[in-house]
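# Structural features, examined
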Amino acid sequence: DIGLADPRALQVALLNNRELRATLEQLGVAQADLVQAGLLQNPVISGDLVNSTRGNGLGGGLGLSQSLLSVFLIPAKRSLAKARLRHAVVTVGQAALVLARDVRVAFVRSQAAEQELGLMRSRAQAAELAHELAQRQFDAGNIAPLDHQLFAAALDRARVDLADAQLATTVAREALTGLLGLWGEDVAWAFAEPLSSTLPPETELGGLEQRGMQSRLDLSAARFEAQSIAYALALRRRGLVPELNVGVSARNEVGDDVGHEWVLGPSLSLELPIFDPGHADIARIQAHLRQAQHRLQDVAIHVRSEIRVHRAQLVAARRKVEYYERTVLPRAESITELTLQQYNAMLVGTYQLLETRTDQIDARQDYVEALRDYWVARSELELAVGGGLSAGGT
C-alpha cells in the first residue's frame, strides 16, 4: 500500500494526471506559433513555357518573388503570438489549480467516507447487539412482539446504511484514484492519516477580493484573450495595404532576329482590393474584441461573487466544526459516560445504553461531515482567490 498525505497526493496528480499533461501541450503549440510569427514568408518561384509559332523553338521564363508586406508585419505578428503564449501559460496554470482543488476535495471526501464507514460499522454492531438481546428476551417471553420487531427493523436500517456507506467509500476512492491517474497495482494506496481535525488559522479574510482580482489566472486569461484580439485587429488593419510582392524574373526571349536570349530584370506584383477590401473582416474582429471585453467584465464580477460566497461558506463551516468540538461531542461523551454509570448501578437497561452509544456515533458522524465540509470550503476558496489563503500563498 502507498501512504498518501495531501501534499504527496497533489504531487502525484500534477505529475501523473493525463488531462493536465494534455493541457500542458498548449504551451508547445503557443511557443511554436511564436517562432513561426518571427519568420519571413517563403519566397515564391514561378515559371512559364511558351512555344514559338514560327518554329524558332521553346521560350519561357523564371521568376522569384518575396512578399514585401510580410516583412513589416513581423513585429505585429510576434506581439500577437506573445499575447497568445501568455494566454496559454495562464490557461495551463488555471488548469493546474483546478486539478489541485479537485484532488483536495476528492481527498477529504474519500477520507471522510472511510471514517463514516467505520462509524456505520460501529452503529451496525450496536444494532446487532440490541437485536440479539431482544431476540433472547422475546424467546423468553419478556418483551412484546412489537418491541421485538422494532429492534429488528432498526438492525435492517443499520445494515442498509452500512451498505450505502460502503458504496459511497468506493465511489469516493475511485474519484480520487482517477484524478491521481493511477491504475493497475498502483490503485492499492491507503491514507497515511485520518481526516485532519486541526484547523489552520485564518486571520486575513478581509482583502481576498482584491487578491483574487490580481491572482486569478482565469481572469488573466480573459485579459490576454482581449489583448490578443486587439493585436489581431491591429494586424488586420495593417493588412488592408494591398499585398505587394517584389522579386526578379528571367525570360528566354524567342524571336526572328535572335536565337535564344535570356533577359533579366525586377518584378513587381500588387493586389487590387476591388471585391474584398477587408472591411467585413475588421468588423468581425471588432465584434470579437467587444465580446472578449464583455466576458472579461463578466469574469471579474463572478470572481468577486465566488470569493464572497466561498468565504462565507468557510467561516460558517469553521464555526460549525468548532461548535461540535466545544459543545456537541463533549456533551455526547458525557451523556454516554453518565448512562454507563447508571447502567453499572442498574438504574438503566442495556437498550438505553446502546441507544446512547448510537447517538454518540451519530454525533461523531456529523462532526466528520462538518470537517469534510470545512476542508472542501477551504479548497474552493483557495481556487476562488487564485492561490493559498496566506498573504504570499500561490
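That block above? That's the structure.
So, here's what we can say about the structure.

Definitions and limits used
- Residues numbered from 1 in each chain as written.
- Predicted model: local features only at pLDDT ≥ 70, side-chain atom pairs only at ≥ 80, totals over all residues.
- Heavy atoms only, no water.
- Helix = DSSP H or I, 4+ residues; strand = E, 2+ residues; numbered from the N terminus.
- Buried < 20%, exposed > 50% of the residue type's maximum accessible area, 1.4 Å probe, protein only.
- Contact = heavy atoms within 4.5 Å.
- Core = buried A, V, L, I, M, F, W, Y, C linked by side-chain atoms within 4.5 Å.
- Salt bridge = Lys/Arg side-chain N within 4 Å of Asp/Glu carboxyl O.
- Patch = residues over 30% accessible without salt bridge, like charges linked within 9 Å, V, L, I, M, F, W, Y side chains within 5 Å.
- Areas by Shrake-Rupley, 256 points an atom, 1.4 Å probe, with all protein chains shown as cover.
- Polar contact = N/O pair within 3.5 Å; in protein donor to acceptor, adjacent residues only side chain to side chain.
- Axes fitted to C-alpha atoms, helices over the stretch in contact; angles between N-to-C directions.
- Parallel < 35°, antiparallel > 145°, perpendicular 65-115°, else oblique.
- Left-handed = near helix turned anticlockwise from the far one by under 90°.
- Nonpolar A, V, L, I, M, F, W, Y, C, P; charged D, E, K, R; others polar.

Turning next to the overall build of the chain. Regarding its fold elements, the chain presents eight helices and six strands. Listed by position from the N terminus, the elements making up the chain come as β-α-α-β-β-α-α-β-α-α-β-β-α-α. Residues counted as buried form 36% of the 394 residues belonging to the chain. Sequence separation of 24 or more characterises 80% of the internal contacts of the chain that already satisfy a separation of 6 or more.

One finds L195, V321, L371, Y374, W375 and L381 to be the most contacted residues of the largest nonpolar core, which totals 33 residues. Of all the secondary structure elements, the ones that give two or more residues to this core are α3 (69–139), α5 (208–215), α7 (279–344) and α8 (350–385). Looking at this core element by element, the count peaks at 13 residues for α8. Core analysis: the second largest hydrophobic core is formed by 14 residues, L176, L180, L182 and W189 among them.

Within the element layout of this structure, G265 appears in strand β6 (residues 260–270). Note on G265: relative accessible area 18%, which makes it buried. Along the primary structure G265 and S249 are separated by 16 residues, whereas in three dimensions their C-alpha atoms are 5.6 Å apart. Ignoring sequence-local partners within four residues, the contact set of G265 consists of V248 and S249.

Summed over the entire model, instances satisfying the criterion amount to 17 salt bridges. E209 serves as the salt-bridge partner of R311, at 3.7 Å between the closest nitrogen and oxygen. In this pair, R311 sits in helix α7 while E209 sits in helix α5, placing the two residues 102 residues apart along the sequence. By relative accessible area, R311 is classed as buried at 18%. Note on E209: relative accessible area 15%, which makes it buried.

Right, let's get into a nonpolar patch on the surface. On the surface, a nonpolar cluster with roughly 550 Å² of combined accessible area is contributed by L40, L68, V71, F72, V246 and L268. Looking at where F72 falls in the secondary structure, it is placed in helix α3.

As for its position among the elements, T336 is in helix α7. Residue classification places T336 among the buried residues on the basis of a relative accessible area of 15%. Separated by 3.0 Å, the side chain of T336 and the backbone oxygen of A332 make a polar contact. Beyond its immediate sequence surroundings of up to four residues, T336 is in contact with T356 and Q360.

Close contact between α3 and helix α4 (residues 145–180) brings their axes to 7 Å; oriented N to C, the two are set at 160°. Relative to α4, α3 is oriented roughly antiparallel. Note on packing geometry: the crossing formed by α3 with α4 is left-handed. Along the lines of polarity and charge, the residues of the contact of α3 with α4 split into 24 nonpolar, six polar and nine charged.

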